[in-house]
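Now for the letters of each chain:
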Amino acid sequence: MVTVRPYQPYDLPGMYQVCLRTGDSGQDATALYRNPDLLAHIYAGPYPVADPGLSFVAVDEQGVLGYIIATADTLEFETWQEEHWWPGLREQYPVSLGQDPQDGTQDWLRIAHIHRSRPTPDDLYEKYPAHLHIDILPRGQRSGLGRRLVTTLTDALRARGVRGLHLGVGSGNSGAFAFYQAIGFHEERRADWGSTMVMDLQDR
């Protein structure tokens, strides 16, 4: 039986594992990283620290098998990261490590991301200020869990009066694109890397 509940601090190691094992366009990214925590330092770790009230986990008898995490205000979140999250990581992972070692690993890309990230205003945030990340291990997929997690989050965002939500989908993840369309998102922008999809939370 799968339980969806609010995040607790002891869930963080399980979330880091899920992030890594789904980090290659939904596939296991373990082989792509020397440091197994780097990916989650960017795409999982800061969210429950910045706002644990918008982080939810799915748990079964084996532990955390999925999560959904979000911020209600993307620019405010990016500003918080610049002040409180990135400085420690930039010290831990010097910019000199952000060079391609030519061995197929992607640690260098994540380290470069840590150093170049800055708060970036965007007109999109006016209507769709919130954004999310969701990851589910294979054992929890195709069970309705994704929709359940998204509904849990959108209910929480609506309760706060947040007007809209966006997310990014990589160009290599056609299954995720179809899933988001099926649950009410639509494509707002397209770029080489993939699509920005949005949902109006005021439209019930």
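Predicted, not measured: the structure shown is a model, and the values here were computed from it.

**Comments concerning the packing of aromatic side chains**
Taken as a whole, this structure holds 5 aromatic pairs when the rule is applied. A centroid spacing of 4.5 Å and a plane angle of 25 degrees characterise the contact between Tyr47 and Phe77, whose relative ring orientation is stacked. Residue Tyr47 is located in helix α3 (residues 46-50), and its partner Phe77 is located in helix α4 (residues 74-92); the two are separated by 30 residues in the primary sequence. Each of the two residues, Tyr47 as well as Phe77, counts as buried. Among the aromatic residues, ring-to-ring pairing joins Tyr47, Phe77, Trp80 and Trp85 into one connected group.

**A few points about α4**
Roughly 50 degrees is the biggest bend found in α4, and it falls at Gln81. The opening residue of α4, the one whose side-chain oxygen lies 3.3 Å from the backbone nitrogen of Leu75, is Asp73.

**Some thoughts on the pattern of salt bridges**
The final tally for this structure, using the stated rule, is 7 salt bridges. Among the ionic pairs, Arg160 bridges to Asp51, the shortest N-O distance being 2.6 Å. Of this pair, Arg160 sits in the loop between α7 (145-159) and β5 (164-170) while Asp51 sits in the loop between α3 and β2 (55-60), and the two are 109 residues apart along the sequence. Take Asp51: its relative accessible area is 17%, and that puts it in the buried class.

**Notes on unusual backbone geometry**
Positive phi values are uncommon outside glycine, yet Ser25 reaches one of about 50 degrees. Even without glycine at this site, Gln102 takes up a positive phi of about 60 degrees. Within the element layout of this structure, Gln102 appears in the loop between α4 and α5 (107-116). Residue classification places Gln102 among the exposed positions, given a relative accessible area of 67%.

**Concerning the pairing of β2**
In terms of burial, β2 is largely enclosed, as 6 of its 6 residues are buried. Here strand β1 (residues 3-6) runs beside β2; their pairing, made up of 4 bridges, is antiparallel. Its bridge partner being in β2, Val4 is matched across the sheet by Ala58. Inspection of the sheet shows β2 paired to strand β3 (residues 63-71) by 6 bridges, in the antiparallel sense. Bridging across to β3, Ser55 finds its partner in Ile69. Here β2 hands over to β3 after 2 residues, the two strands then running antiparallel side by side.

What counts and what doesn't
- Per chain, the residues get numbers from 1 upward, laid out in the order the sequence is written.
- Local features in a predicted model are, by the rule used here, given only for residues with pLDDT of at least 70; side-chain atom pairs are given and counted only at 80 or more, and totals for whole chains, interfaces and linings are based on all residues.
- Each side-chain value is derived from all of the structure's non-hydrogen atoms; neither hydrogens nor water enter the calculation.
- Side-chain rings of Phe, Tyr and Trp (the six-membered ring for Trp) are treated as a pair once their centres are within 6.5 Å; stacked means planes under 30 degrees apart, edge-to-face means over 60, and tilted covers the remaining angles.
- Labels follow the DSSP assignment, with helices taken as runs of H or I lasting at least four residues and strands as runs of E lasting at least two, numbered in each case from the N terminus.
- Exposure categories follow from relative accessible area, calculated using a 1.4 Å probe and restricted to protein chains: below 20% of the type maximum is buried, above 50% is exposed, and the middle band is partly exposed.
- Here the bend at a residue is taken as the angle between two axes, fitted respectively to the seven residues that end there and the seven that start there.
- Under the rule applied, a polar contact is a pair of N or O atoms within 3.5 Å (in protein, one hydrogen donor and one hydrogen acceptor; residues adjacent in sequence only if both atoms are side-chain atoms).
- When a carboxyl oxygen of Asp or Glu lies within 4 Å of a side-chain nitrogen of Lys or Arg, that pair is called a salt bridge.
- Strand pairing is defined by DSSP finding a minimum of two bridges between the two strands.

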